[in-house]
Amino acid sequence: MSADGEPSLTASVVGGTGFTGGELLRLLAGHPDFEIVQATSRSKANKTVGHQHPNLRDLDLRFSSPDDLESVDVLFAATPHGVTMEQIDEFREAAGTVVDLSADFRLDTEQQYDEWYDGHSRPELLEKAEYALPELNRENLEGAEIVASGGCNATATIMGLLPLFEEGVLSGDEQIVVDVKVGSSEGGAGGGEASSHPERSGVVRPYAPTGHRHEAEIQQFLGVDVSFTVHAVEMIRGASATCHVFPEEPVSKGDLWSAYRGQYEDEPFVELVSGGGGVYRYPEPKSVAGTNKAEVGFELDPGNKRLVVFSAIDNMMKGSAGQAVHAANVALGLDETAGLDIRGLHPVGSP
């Protein structure tokens, strides 16, 4: 914020009509350091932002064409996979910092994109991009010009498992089975037949039993292979990861508390929730709905030589828009929590 109390940086959102675009606009509208100067949309050009996002009716802003980008300090790209890599030159010309919420710059190599996606048209820029999860990559984010916001399922999984590797509890050779349950907003505003309410309501549907693309991020940033399955469930916001880990050596609760506190004690957006009292004894998406927080917890199963790790995030926030703003704060040298100090609601319905 400038000396006169006005926002000191300008921001734009490309692809502002989607769910993540709307969340970005909501966060930036309340951010003390950013002034939103543009939100783009091909389908809603010239319509007010409130026409698409009823919670933003008070914003004096209309969607404009993405063909006419304003010059800004930071550009957030809330576009489908494949768009940013094709338009990265235009985005970088318009902004000193580009934060991409798609998968276009999350991985390190062209070979990974050949294996997990449909190739990459600008592989020479991959080494310039930094992963947006500050708890994992804070030091590298400072001054980054291309920031790649992580996938929500990968984010939930990494948040749960990261302390075990950073603090030496696991070696990386253990068997790890991950089951993630996600809300309908993960499918985006466009949705599809499987996302319609009559089809989605009441389901616990395995939609990616094997081979989910977010496995690539987990492999890259944790250095391990995981057996990964994703279910669609009846909630709107949220990603809940349950990781079954089979350590080669015995692990005590003391080891686990030491690892998780050591990793997360000073993190502003991580809460340790592990078997305490009350109804919400373990991480729960309802508890973090609308916030940039992650809840992480664990339980030991000595009889089966198993460790169960739980993590919960709002896929639209910590798994997308909130992570992007957090990373932009770090990249631009702002207060990390700026625009993100939002408490959740309780009680609340289906998040």
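Source: prediction; values computed, not measured.

**Q** What is the right way to read the overall build of the chain from this model?
**A** From N to C terminus, the chain includes 11 helices and 14 strands. The C-alpha atoms of the chain give 20 Å as radius of gyration, which agrees with the globular expectation for 351 residues (20 Å, within 12%). By its C-alpha atoms, the chain is 60 × 45 × 45 Å across when sized along the principal axes. Relative to its 351 residues, the chain shows a buried fraction of 54%. For the chain, long-range pairs separated by at least 24 residues make up 69% of all intrachain contacts whose partners lie at least 6 apart in sequence. Of the accessible surface of the chain, which amounts to about 15,200 Å², a share of 44% is contributed by carbon and sulfur atoms. Charge-centre separation for the chain: the mean point of 25 positive side chains lies 8 Å from the mean point of 56 negative side chains.

**Q** For this particular structure, what's the right way to read unusual backbone geometry?
**A** For residues besides glycine, phi is generally negative; the peptide bonds are generally trans as well. Put simply, His346 and Pro347 share a cis peptide bond, and its omega is -5°. Locating Pro347 in the fold gives a position in the segment after α11 (317–331). Residues other than glycine seldom take positive phi values, yet Asn46 does so here, at roughly 80°. Examined against the element boundaries, Asn46 turns out to sit in the loop between β2 (34–40) and α2 (49–52). Using a relative accessible area of 60% as the deciding quantity, one classes Asn46 as exposed.

**Q** How should I be thinking about the side chain of Gln220 in this particular structure?
**A** Mapped onto the elements, Gln220 comes out in helix α8 (residues 215–222). The class of Gln220 is buried, set by a relative accessible area of 18%. At a separation of 3.0 Å, a polar atom in the side chain of Gln220 contacts the main-chain carbonyl oxygen of Arg106. Among the polar contacts listed, one links the side chain of Gln220 to the backbone nitrogen of Asp108, at a separation of 2.9 Å.

**Q** Explanation requested: the sheet that holds strand β6 (residues 129–131) in the structure shown.
**A** Sheets are built from strands paired through backbone hydrogen bonds, the pairs being either parallel or antiparallel. An order of β3-β2-β1-β4-β5-β7-β6 is seen for the 7 strands of this open sheet, with the pairing classed as parallel. Here the strands that pair on one side only, and so sit at the sheet edges, are β3 (63–64) and β6. Along the sheet face, helix α3 (residues 83–94) touches β1 (9–14), β4 (72–77), β5 (95–100) and β7 (146–148) and points at about 150° away from the line of β5.

**Q** Teacher, can you tell me more about the environment of Thr97 here?
**A** Residue position: Thr97 is located in strand β5. For the pair Thr97 and Val72, spaced 25 residues apart in sequence, the C-alpha to C-alpha distance is 8.7 Å. Leaving out residues up to four positions away in the same chain, Thr97 has contacts with Asp73, Val74, Leu75, Ala144, Glu145 and Leu332.

**Q** Looking at this model, I keep getting lost on the packing of helix α1 (residues 19–29) against α11. Mind explaining?
**A** To describe two helices that pack against each other, one gives the angle between their axes and the distance between the axes. In the contact formed by α1 and α11, the axes pass within 9 Å of each other and the chain directions differ by 45°. Classed by the angle they form, the pair α1 and α11 counts as oblique. Considering how the two elements wind past one another, α1 and α11 form a crossing that is right-handed. Where α1 abuts α11, its residues Thr20, Glu23, Leu24, Arg26, Leu27 and Leu28 lie against Met317, Ser320, Ala321, Gly322, Ala324 and Val325. Taken together, the residues of the contact of α1 with α11 break down into 7 nonpolar, 3 polar and 2 charged.

The rules we used
- Residues numbered from 1 in each chain as written.
- Predicted model: local features only at pLDDT ≥ 70, side-chain atom pairs only at ≥ 80, totals over all residues.
- Heavy atoms only, no water.
- Helix = DSSP H or I, 4+ residues; strand = E, 2+ residues; numbered from the N terminus.
- Rg over C-alpha atoms; globule rule 2.2 N^0.38 Å.
- Buried < 20%, exposed > 50% of the residue type's maximum accessible area, 1.4 Å probe, protein only.
- Contact = heavy atoms within 4.5 Å.
- Areas by Shrake-Rupley, 256 points an atom, 1.4 Å probe, with all protein chains shown as cover.
- Lys, Arg positive; Asp, Glu negative; His and termini not counted.
- Charge placed at Lys NZ, Arg CZ, Asp CG, Glu CD.
- Polar contact = N/O pair within 3.5 Å; in protein donor to acceptor, adjacent residues only side chain to side chain.
- Pairing = 2+ DSSP bridges.
- Axes fitted to C-alpha atoms, helices over the stretch in contact; angles between N-to-C directions.
- Parallel < 35°, antiparallel > 145°, perpendicular 65-115°, else oblique.
- Left-handed = near helix turned anticlockwise from the far one by under 90°.
- Nonpolar A, V, L, I, M, F, W, Y, C, P; charged D, E, K, R; others polar.

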